[in-house]
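Working through the structure, step by step
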Amino acid sequence: MRKVKAKSNNNHRFVAVAAVFCVACIAFLIVLAMRQAKGSSLPPKKSEIVRYYTVPGARGEIYDRNGKKIVGNSDSYDLVFEYGAMPDTREEVNASLLGIMDAIKRTGNEFKIADDLFILDGTYPNMTFVPEMEDKESSEYYHYTKFLTKHNFKEGEMTPSDIAEYFVSRYALGEYSAEQKTTLIRLYYEMERVDFGAYAVYTVARGVNDALVTAVKEAGIEGVTFDIPSERVYLYPGTASHILGRVGKMNEELWEKYEALGYGYSDYVGTSGCEAAFEEHLRGTDGELCVEYDKEGRIVREYYTKMPKRGKDVYLTIDIELQLATEKALAENVEMIKNMPNLNADADAGAITVLDPNTGKVLATASYPTYDLSKFESKEYYNSLVADENLPLYNRALQGVYAPGSTYKIGVALAALEGGYINKDTEYVCNHQYHTGQFCLHIHGSENVIGAIRDSCNIFFFNVGEAMGINLITDYTERLGLGADTGLELGDKNGIVAGPAYRDEIGGAAWMLGDDLSASIGQSDHGYTPLQLSVYIASVVNGGTRYNTHILDSVREFYTGNVISKTDTTVADKVEFSDETYDLLIESMRQVVDSNQDVKKYFKDVPVTVGGKTGTAEVDGKTDYAVFCGFAPLDTPEIVISCVIEEGKYGQYAAYAVGKIMETYFANYGEEIGERLQNAQ
């Protein structure tokens, strides 16, 4: 009986084992079929390696108001040596590095090698310091001292041969040829310089071509990945550089700002201009790429665990064609003044801002001299900009603070008319000198307000300044925009409002009557940006409304172009003044242009009537600055332009650029403006 039971139990066990085996086989076949059909979703075998790479989302692009692309993205690649992907042995690492350099040479990418600050010349073992090492201010010397500190070497105790032998020993280079040793010493020095490791990749070459990508992949070189860089492509090289700004690597200051927003320290961000101001829109979202390798380091499979997402596109209020004309006109204006015979003007710099007076939109802005963003990565080019005494990197349109000169008289007249201190018939006699000893450049005789603005008579405005005092005047001019925040997204200076309060703030001399008089003609401590001058004139000619300026028109979705957000026109202040005051000011500015042939000639090809005001600003120790503010058409202003030429001598000369810009504007928008004027009637 026991034997029978035992036999029966054995049969059950056999059946059970067989069943389990069959189920396992079926499961294996199902999984195998699924893997063949879809690709494996199971963890890799032990002989495989899986690594994850961050893939930056492409940055959004920048367009002008008409949809013309101004800034795009590079379609090239950066060749990166990745710590997490490199081979396990030193011999294999050396082989990878030599393979990389061989592929770079074979595909003609030698000139794309990145950040080469190697300190040695020649071929091992006959190596010397590069000439740059003689300059203790050079980047090469700076990083050399960091290398010494890192390894506890003392300055002066390491000869070029000592440095070379250090790398030969540290990285086991003894069996390589002299040429190979030289190559590897250079690479390992650069890797140490950038602190290559788990948290810092080594970018070997930037902007490489497809041939190199193919060569590296075909050779199966371990440790190499290719990044899509944040390099920007400028469709109008050298144009709008101060507006657009730059994209660059994170620094300590920016890291404090962006760390909390989820950025990595190696990320690229906007560092100036629109790139910085609209970073939140332009930034792409990083993706994650999974790469599976077999035990020989060959790629088995690549797939995204998270797709990278492109940033949003930014549309600006500027018209790129008008911007081109503005920068050209400003450069011509400076050169014209510099080369005028017998003028002896030292003009070498200036700025212009172009504004829509009915919305606050910035249509163009230029600073001269300027620079080319597409060349900015060149060390030689950058050093030339820094060394230039005319400061091409300085954005004079937004950061330059200038005395307004006689352009200030428009605001003074408005304040005096509205305050009841003068009317259209009030006259003062100009005999060149005022009772305080201050003077006018000419003898104008009896002048009313229109004549005083047209002839820029100081005596008339000395009388007004003495009657009112500067504080009553600046109550108006500040509300019109002089010394007030413009609201521009790029940021600009608020300027200086002359008066007793500012003088007390800086601990200056007590404010006296002479200061009231000087301030009333746009001198004294007054200092405003060219953009503020445009805002101020716009506020007058549109009837008293001061708009916040803006350069961002809209943010749009990539591919679809759908508008995600649009900048609204916003009112910053409203200064009430009578129609009579408005008509007097407009007429006076018409006469400034029409009655002065030295001004009118610059507007002979503008198809509408123009108004404006000249200004000559005194600057201690320098030739006077030329200032001109203009607007058009006279009856329904569409455009306001302010121009400042440093050491331009006379305000009338700054009208040249304003006239050229208006020619372009009305040539491009004449039909559209005509329709608006007809509808308004």
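Please read these numbers as outputs of a predicted model, since none were measured by experiment.

Regarding the sheet that holds strand 21 (residues 563–566)
The 6 strands lie next to each other as 9-3-2-14-20-21, forming an open sheet whose pairing is mixed. The outermost strands of the open sheet, each flanked by one partner alone, are strand 9 (232–234) and strand 21. Here 4 bridges tie strand 14 (residues 313–316) to strand 20 (residues 552–556), and the two strands are oriented antiparallel to one another. Following the sheet pairing, Leu316 is matched in strand 20 by Leu552.

Side note on the sheet that holds strand 8 (residues 224–227)
What the 3 strands build is an open sheet, ordered 7-4-8; its pairing is antiparallel. Edge positions in the open sheet fall to strand 7 (202–208) and strand 8, since each of these has one partner strand only. Neighbour-to-neighbour, the strand axes of the sheet open up by a mean angle of 25 degrees, direction not taken into account.

Here's the deal with the packing of aromatic side chains
Inspection of every chain in the model, using the stated rule, returns 29 aromatic pairs. When the ring of Tyr83 is compared with that of Phe196, the centres are 5.9 Å apart and the planes differ by 65 degrees; the resulting orientation is edge-to-face. In this pair, Tyr83 sits in the loop between strand 4 (77–81) and helix 2 (90–106) while Phe196 sits in the loop between helix 5 (178–193) and strand 7, placing the two residues 113 residues apart along the sequence. Exposure remark for Tyr83: the relative accessible area of 41% places this residue in the partly exposed category. A relative accessible area of 18% places Phe196 in the buried class.

Here we look at the nonpolar core
Ranked by size, the top nonpolar core spans 85 residues in total, and within it Leu244 and Leu316 carry the most contacts. At 8 residues, helix 20 (residues 530–541) tops the list of elements feeding residues into this core. Apart from the residues within four sequence positions on either side, Leu244 is in contact with Ile62, Ile70, Val71, Tyr234, Thr239, Ser272, Gly273, Cys274, Glu275, Leu316 and Leu373. Listed in part, the 48 residues of the second largest apolar core include Ile104, Ile185, Leu187 and Leu212.

What about the environment of Ser378?
Inspection of the secondary structure assignment puts Ser378 in the loop between strand 16 (362–368) and helix 12 (379–387). The sequence separation of Ser378 and Tyr669 amounts to 291 residues, and the corresponding C-alpha distance is 38 Å.

Regarding the side chain of Glu192
Of note, Glu192 is situated in helix 5. Setting aside anything within four residues of it in sequence, one finds Glu192 in contact with Phe147, Lys150, His151, Tyr166, Phe167, Arg170 and Tyr171.

Things to note about the pattern of salt bridges
Here the structure, examined in full by the defined rule, presents 29 salt bridges. The shortest N-O distance in the salt bridge between Lys68 and Glu321 comes to 3.2 Å. Taken together, the residues span a long stretch of sequence, with Lys68 in the loop between strand 2 (62–63) and strand 3 (69–73) and Glu321 in helix 11 (residues 320–338) at a distance of 253 residues. Taking the relative accessible area as the measure of exposure, Glu321 reaches 31% and is therefore partly exposed. Between Lys604 and Asp605 there is a salt bridge whose closest N-O contact spans 3.2 Å. Look at Lys604 and you get exposed, because its relative accessible area is 64%. For Asp605, a relative accessible area of 47% translates into the label partly exposed. Look at the salt bridges and you will find they share partners, linking Arg59, Arg232, Glu275 and Glu279 into a network.

Things to note about a negative patch on the surface
A cluster of acidic side chains, namely Asp121, Glu132, Glu134, Asp135, Glu137 and Glu380, defines a negative patch on the protein surface. Judged by relative accessible area, which is 34%, Asp121 ranks as partly exposed.

Observations regarding helix 20
Side chains that are three or four residues apart share a direction in an α-helix, a result of its 3.6 residues per turn. The end-to-end C-alpha distance of helix 20 is 17 Å, a good match for the 16 Å that 12 residues give at a rise of 1.5 Å each. The buried fraction of helix 20 is high, at 12 of 12 residues. Backbone geometry just after helix 20 places Gly543 at a positive phi near 100 degrees.

Here we look at the environment of Ala452
Along the polypeptide, Ala452 turns up in helix 15 (residues 449–455). Note: C-alpha distance between Ala452 and Gln399 (53 residues apart in sequence) is 31 Å. Apart from the residues lying within four places of it in its own chain, the contact partners of Ala452 are Glu447, Cys457, Phe460 and Phe461.

Focus on the state of the cysteines
Enumeration according to the criterion identifies 0 disulfides in this entry. Here Cys457 is not disulfide-linked; the sulfur of Cys430 is the nearest cysteine sulfur, at 3.7 Å.

Structural notes on the confidence of the model for the protein
Overall, the predicted model of the protein reaches an average pLDDT of 88, with 90% of residues at or above 70. Under a pLDDT of 50 for its full length, residues 1–47 has, in the predicted model, 8 contacts with residues more than four places off or in other chains.

Some points on the side chain of Glu647
Within the fold, Glu647 resides in the loop between strand 25 (639–646) and helix 23 (655–680). At 3.3 Å, the side chain of Glu647 forms a polar contact with the backbone nitrogen of Thr623. Setting aside anything within four residues of it in sequence, one finds Glu647 in contact with Ala345, Asp346, Ala347, Lys622, Thr623, Asp624 and Tyr625.

Here we look at the pairing of strand 4
Of all 5 residues in strand 4, 4 are buried; the element is thus mostly enclosed. In the sheet, strand 4 pairs with strand 7 via 4 bridges, with the strands oriented antiparallel. Following the sheet pairing, Val80 is matched in strand 7 by Thr203. Where strand 4 meets strand 8, 4 bridges bridge the pair, whose relative direction is antiparallel. By the bridge assignment for strand 8, Val80 is matched with Thr225.

Digging into the packing of helix 3 (residues 139–150) against helix 5
For the pair helix 3 and helix 5, the least separation of the axes is 10 Å and the interaxial angle reads 80 degrees. The angle between the axes of helix 3 and helix 5 places the two elements in the roughly perpendicular class. Residue-level contacts link Glu140, His143, Tyr144, Phe147 and Lys150 of helix 3 to Tyr189, Glu192 and Arg193 of helix 5. Each residue belonging to the contact of helix 3 with helix 5 can be placed in one class, and the counts come to 3 nonpolar, 1 polar and 4 charged.

The rules behind the values
Residues numbered from 1 in each chain as written. Predicted model: local features only at pLDDT ≥ 70, side-chain atom pairs only at ≥ 80, totals over all residues. Heavy atoms only, no water. Pairing = 2+ DSSP bridges. Helix = DSSP H or I, 4+ residues; strand = E, 2+ residues; numbered from the N terminus. Axes fitted to C-alpha atoms, helices over the stretch in contact; angles between N-to-C directions. Phe/Tyr/Trp six-rings, centres within 6.5 Å; stacked < 30°, edge-to-face > 60°. Buried < 20%, exposed > 50% of the residue type's maximum accessible area, 1.4 Å probe, protein only. Core = buried A, V, L, I, M, F, W, Y, C linked by side-chain atoms within 4.5 Å. Contact = heavy atoms within 4.5 Å. Salt bridge = Lys/Arg side-chain N within 4 Å of Asp/Glu carboxyl O. Patch = residues over 30% accessible without salt bridge, like charges linked within 9 Å, V, L, I, M, F, W, Y side chains within 5 Å. Areas by Shrake-Rupley, 256 points an atom, 1.4 Å probe, with all protein chains shown as cover. Lys, Arg positive; Asp, Glu negative; His and termini not counted. Charge placed at Lys NZ, Arg CZ, Asp CG, Glu CD. Expected span 1.5 Å × (residues − 1). Disulfide = S-S within 2.5 Å. pLDDT = per-residue confidence, 0-100. Polar contact = N/O pair within 3.5 Å; in protein donor to acceptor, adjacent residues only side chain to side chain. Parallel < 35°, antiparallel > 145°, perpendicular 65-115°, else oblique. Nonpolar A, V, L, I, M, F, W, Y, C, P; charged D, E, K, R; others polar.

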